[in-house]
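Listed here are the chains, written in short residue letters.
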Amino acid sequence: MLSFCNVEITNMSEDINHIGFVEKIENGVVYVRIDQYSACSGCHARTICSASEKKEKIIEVADRSGAFHTGENVMICGRNSMGLQAVVLAFVIPLVIVVCAITAGTSLRWDETMSGLAGLLLLLPYYYILYLTRDKLRKKFVFTLKKLN
């Protein structure tokens, strides 16, 4: 088992867990604040290094059980496969779109600026499609909460 700061990875095919803090609860949705650390936050030189950083994220978790209360620490759990799918949607597909556009532009003898601009402009419909399918994606990327002992 690998444990890094407040992230625990038990097995590559299992869950990724983050310790979080319940900020608020509204209409069956629990808003959990988690601290996300950069990969080098465990380094002893992180206080003087400009590369280390910490971000706070708010994760929305649907829960109508009433078992959680504002102000308590909880464990937020997600499947490892969700993280891989998110990486594909956020980074791999856009990279493929840009590279294909640049390759096509180059083969059409466009200059580099036009090819690069075409690649970036093709990202607009992709991200718009992601925006339109956000409700479907929200159902696919489901997190669960566990009480901490």
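Up top is the structure.
Because the structure is predicted, anything quoted here is derived from the model rather than measured. (Residues numbered from 1 in each chain as written. Predicted model: local features only at pLDDT ≥ 70, side-chain atom pairs only at ≥ 80, totals over all residues. Heavy atoms only, no water.)

A.B. asks: Looking at this structure, I do not really get the overall build of the protein. What am I missing?
C.D. replies: Helices and strands together make up the secondary structure of the protein, namely three helices and seven strands. Listing the helices and strands of the protein from first to last along the sequence gives β-β-β-β-β-β-α-α-α-β. Considering the protein as a whole, with its 149 residues, one finds that 25% of them fall into the buried category. Excluding contacts between residues fewer than 6 apart, the proportion of contacts in the protein whose partners are at least 24 apart in sequence is 64%. Of the accessible surface of the protein, which amounts to about 10600 Å², a share of 62% is contributed by carbon and sulfur atoms. (Helix = DSSP H or I, 4+ residues; strand = E, 2+ residues; numbered from the N terminus. Buried < 20%, exposed > 50% of the residue type's maximum accessible area, 1.4 Å probe, protein only. Contact = heavy atoms within 4.5 Å. Areas by Shrake-Rupley, 256 points an atom, 1.4 Å probe, with all protein chains shown as cover.)

A.B. asks: Explain the layout of surface pockets here, please?
C.D. replies: For the second largest pocket, the calculated volume is near 440 Å³. If you trace the second largest pocket, you find 16 residues lining it, with Glu60, Val61, Ala62, Arg138 and Phe141 closest to the centre. Going through the elements one at a time, strand E5 (54-62) and helix H3 (134-140) are the ones with two or more residues in the lining of the second largest pocket. A breakdown of the residues in the lining of the second largest pocket according to their chemical character gives eight nonpolar, two polar and six charged. (1 Å grid on protein atoms, 1.4 Å probe; cavity = no way out; pocket = protein on both sides within 12 Å on 5 of 7 lines; lining within 4 Å. Points joined across faces, edges and corners; volume = space filled by probe spheres on them. Nonpolar A, V, L, I, M, F, W, Y, C, P; charged D, E, K, R; others polar.)

A.B. asks: I tried to follow the nonpolar core on my own but got confused; where do I start?
C.D. replies: The tendency in soluble globular proteins is for nonpolar side chains to be buried side by side. Formed by Val22, Val30, Val32, Ile34, Ile59, Val61, Phe68, Val74, Ile76 and Leu145, the largest nonpolar core amounts to ten residues. Secondary structure elements with two or more residues in this core: strand E4 (29-37), E5 and strand E6 (73-79). The leading source of residues in this core is E4, at three residues. Each residue touching Leu145, except ones within four places of it in the same chain, is listed here: Val30, Val32, Val61, Phe68, Val74, Met75 and Ile76. (Core = buried A, V, L, I, M, F, W, Y, C linked by side-chain atoms within 4.5 Å.)

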